[in-house]
Amino acid sequence: MDNNSSGSSGFKGGFGGMFSGGAPEYSNTELAGVPLTGMSPLSPYLNVDPRYLVQDTDEFILPMGASKTRGRFELAFFTIGGCCITGAAFGALNGLRMGLKETRDMTWSKPRNVQILNLISRQGASWANTLGSVALLYSVVGVAIEKARGAEDDINTITAGTLAGMLYKSTSGLRGVARGGLAGLALTGLYALYNNWDHLKGSAPTRY
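The rules behind each value
- Residues numbered from 1 in each chain as written.
- Predicted model: local features only at pLDDT ≥ 70, side-chain atom pairs only at ≥ 80, totals over all residues.
- Heavy atoms only, no water.
- Phe/Tyr/Trp six-rings, centres within 6.5 Å; stacked < 30°, edge-to-face > 60°.
- Helix = DSSP H or I, 4+ residues; strand = E, 2+ residues; numbered from the N terminus.
- Buried < 20%, exposed > 50% of the residue type's maximum accessible area, 1.4 Å probe, protein only.
- Contact = heavy atoms within 4.5 Å.
- Polar contact = N/O pair within 3.5 Å; in protein donor to acceptor, adjacent residues only side chain to side chain.
- Expected span 1.5 Å × (residues − 1).
- Axes fitted to C-alpha atoms, helices over the stretch in contact; angles between N-to-C directions.
- Parallel < 35°, antiparallel > 145°, perpendicular 65-115°, else oblique.
- Left-handed = near helix turned anticlockwise from the far one by under 90°.

Q: So what's going on with the packing of aromatic side chains? Which residues, and what values?
A: Evaluation of the coordinates by the stated rule reveals two aromatic pairs. On the numbers, 5.4 Å between centres and 85° between planes, the contact of F73 with F77 is edge-to-face. A residue pair is termed a helical-turn pair when its members lie 3 or 4 positions apart in one helix, as F73 and F77 do in helix α3 (residues 72–102) at four residues. An angle of 80° between the planes, with centres 4.8 Å apart, marks the rings of F90 and W127 as edge-to-face. With F90 in helix α3 and W127 in helix α4 (residues 110–149), the pair connects residues that are 37 residues apart, well separated along the chain. Owing to a relative accessible area of 44%, F90 belongs among the partly exposed residues under this scheme.

Shown next as structure tokens:
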């Protein structure tokens, strides 16, 4: 046993000296007395300092002077496209309802199907055009107000919604302009209230 142990030790020492340049070997008792002051514990699995695995900063690098949130100009394309798609879907459902109501006395035949499809396409295009136009006015006015004020807050949202409603109804007389402005004010006011509900309750708002 002793001969084998001494032989294996010599074997290890020979190869250790060959590859490690004759580095001395220390026992666990000798290493236990080495102070570890100022050294952070290492992971026993990765042998990496865990502090380097903690993300204390943002994962994305933004260009110089860029904002962390998207501005109104970037959101304008999403707003206009979303309103057009929503208007088309709502108009299609409304056209289907109207077509079934107007042709309820007709039997299921080709003329009835054509009439229903015509109402669906007509209503879908009309509602898509309406909501898309309102979204375009709202986005243009919002971007202009943001550039003029140099700030982005709920005042821009409410003002843009009110002016967009007034501009959309500008050909309907003073009453139509007033109704459009009130509708825009009400919708954007509700959106601003929903967006700041957590802040009004006293908790931190959630950002997406």
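Continuing now.
Q: Talk me through the environment of D154; I want residue IDs and the actual numbers.
A: Structurally, D154 is set in helix α5 (residues 154–168). Since its relative accessible area comes to 25%, D154 is described here as partly exposed. Separated by 42 residues in the primary sequence, D154 and N196 place their C-alpha atoms 9.2 Å from one another. Sequence-distant contacts of D154, defined by excluding residues within four places in its chain, comprise A192, N195 and N196. Only 2.5 Å separates the side chain of D154 from the side chain of N196, close enough to count as a polar contact.

Q: Before we move on, can you summarise helix α6 (residues 173–195) with the specific residues and values?
A: Over its 23 residues, α6 runs 33 Å from end to end, which matches the ideal 33 Å to within 8%, given 1.5 Å per residue. Buried residues along α6 sit against α4 and α5.

Q: How would you explain α5 if you had to name every residue and give the values?
A: For α5, with 15 residues, the first-to-last C-alpha span of 21 Å sits near the 21 Å given by 1.5 Å per residue. All of the buried residues in α5 are N156, T157, A160, G161, T162, A164 and G165. At its buried positions, α5 is contacted by α3, α4 and α6.

Q: Provide a residue-level description of the packing of α3 against α4, including the pertinent values.
A: α4 packs onto α3 with a crossing angle of 155° between their chain directions and a minimal axis gap of 6 Å. The angle between α3 and α4 falls in the class roughly antiparallel. Judged by the sense of rotation from one axis to the other, the crossing of α3 with α4 is right-handed.

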